[in-house]
Amino acid sequence: MPPTDGRETPPGTPAAPPAVTAPDAGTSAARPGVPEMGTPAPVEGTPDSTPTPPASGSKASASEAEETAAGETDGEGGKGGEILRWFVGIVANATVLTALLVFFGWQRNDAQSERLGFDESILGMPTRDYVLRSVGPVLVLLLIIAVGGMAWLQWDDRLVRRIRSRGRDDRVVRWTLGILPFAWLILPGLVWILGYVWQVTAYVAFPFSIGAGVLLVLYVAQLRSMLPDAGEPPPGRVALLRSFTAIIVGVSLFWGASNYAKVLGYALADRFAADIKGLTEVVVYSPKRLYLTAPGVTETPLPDANAAYRYRYTGLRLDLHTGGHYVLFSDGWTPRHGVVMLIADNDPVRLEFVRQR
């Protein structure tokens, strides 16, 4: 083969040996089993300093993680538990609960005052009194919600087992998925019909039935996502459904609490009018004449000119003490004709509270 530089090689001249090219520093030219130049050969019986992790290790870790997640998911229960945790998170929120207590207390006082013939605002009741006077009735509402939630969880456990084992082939599953989407209409309709028999109960329960029906609609939407042939919902659909459900449930909760507070307020007013003599008797002593002319009130001038108090008033009853003043009614108070009197804490009078004889 002629040389590449263009010069001719005389005949008989041996060819030049091929040039040796040094291996690239970035590539490995070593053959299998042959150590590279400058690298000491491994000693037999000495383990490699950089052991290679087994290929199955990552698969085993992933399998263990999947089993752990599956175990945790199975232990959480069905979709009913998930919805109840979300609902309890709303109801048990400190802001929502405080607002419910204040609203309930104000609504009950407003209904009672309206039935007794005066405006609730003259009482000047602070927020603390609203909350304290509402704890008992609101606890009854929360207890009813808790009992209903426990019953729901029991039903949800059985229903989820049927869905996972049989799917739509189960008759109970088919009936549940077919009826619950109309719960928002069925429950209020049933309560409306029961109102012809139990009017007061239906009046209180009607708003709660609307909220419960909407919760069941959300519940059946979650159940359908568990079916084998269920597809993925559009992005954001579940969040929007829960947001709208939260609004309706919140309105239903306050609406139902308002109806319940009105019923209690009217009942308290009727009881007050029927048993006004059962209230604590109050005797008022004043240094000056107060001209209390309410029905049943007696004014008695005291004879001692040097006495600190010159006038005494009897025939008064204590309703409550709130907003820095005493709310007094007279013995002759009636729903048709009655007077409400307020005596402030800083008024220069003396009050005697007489125990019933």
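Residues numbered from 1 in each chain as written. Predicted model: local features only at pLDDT ≥ 70, side-chain atom pairs only at ≥ 80, totals over all residues. Heavy atoms only, no water.

This part takes up the nonpolar core. Counting residues in each nonpolar core, the largest one holds 14 residues, and the members touching the most others are Leu159, Ile163, Leu177, Leu216, Tyr219 and Leu223. Those elements that provide at least two residues to this core are α4 (127-165), α5 (171-179) and α7 (199-224). The dominant element in this core, judged by the number of residues it contributes, is α7, at 5 residues. Core analysis: the next-biggest nonpolar cluster, separate from the first, contains 13 residues, Val282, Val297, Leu316 and Leu318 among them. (Core = buried A, V, L, I, M, F, W, Y, C linked by side-chain atoms within 4.5 Å. Buried < 20%, exposed > 50% of the residue type's maximum accessible area, 1.4 Å probe, protein only. Helix = DSSP H or I, 4+ residues; strand = E, 2+ residues; numbered from the N terminus.)

This paragraph deals with α7. End to end, α7 covers 37 Å across 26 residues, agreeing with the expected 38 Å (1.5 Å per residue, within 8%). The sharpest bend along α7 measures roughly 40 degrees and falls at Ala205, with the proline Pro207 sitting one to four residues further on. (Expected span 1.5 Å × (residues − 1). Bend = angle between axes of the 7 residues up to and from the residue.)

Although it is not a glycine, Tyr291 adopts a positive phi angle of roughly 55 degrees. As for its placement among the helices and strands, Tyr291 is situated in the loop between β1 (280-286) and β2 (298-301). When its relative accessible area of 53% is taken as the criterion, Tyr291 is described as exposed.

Most of strand β4 (residues 325-330) is tucked away: 5 of the 6 residues are buried. As judged from the 6 bridges shared by strand β3 (residues 311-322) and β4, these two strands associate in the antiparallel manner. Considered in β4, the bridge of Arg317 is made with Phe329. Hairpin geometry of β3 and β4 is characterised by an intervening segment of 2 residues between the two adjacent antiparallel strands and by a positive phi of about 60 degrees at Gly323. (Pairing = 2+ DSSP bridges.)

As a packed pair, helix α3 (residues 94-116) and α4 sit with axes 7 Å apart at the nearest point and diverge in direction by 100 degrees. Overall, the two elements α3 and α4 adopt an arrangement that is roughly perpendicular. In this structure, α3 contributes Leu97, Leu100, Leu101, Val102, Phe104, Gly105, Trp106, Arg108 and Asn109 to the contact, and α4 contributes Thr127, Tyr130, Val131, Arg133, Ser134, Val135, Pro137, Val138 and Leu142. Its residues assigned to classes, the contact of α3 with α4 comprises 12 nonpolar, 4 polar and 2 charged. (Axes fitted to C-alpha atoms, helices over the stretch in contact; angles between N-to-C directions. Parallel < 35°, antiparallel > 145°, perpendicular 65-115°, else oblique. Contact = heavy atoms within 4.5 Å. Nonpolar A, V, L, I, M, F, W, Y, C, P; charged D, E, K, R; others polar.)

All right, on to the environment of Phe353 then. In this structure, Phe353 sits in strand β6 (residues 350-354). You can call Phe353 partly exposed: its relative accessible area is 42%. Sequence separation of Phe353 and Val282 is 71 residues, and the distance between their C-alpha atoms is 4.7 Å.

Here we take up the side chain of Thr245. Relative to the helices and strands, Thr245 resides in helix α8 (residues 237-274). At 2.7 Å, the side chain of Thr245 and the backbone oxygen of Leu241 are in polar contact. (Polar contact = N/O pair within 3.5 Å; in protein donor to acceptor, adjacent residues only side chain to side chain.)

Everything listed is a geometric property; what it means functionally is a separate question.
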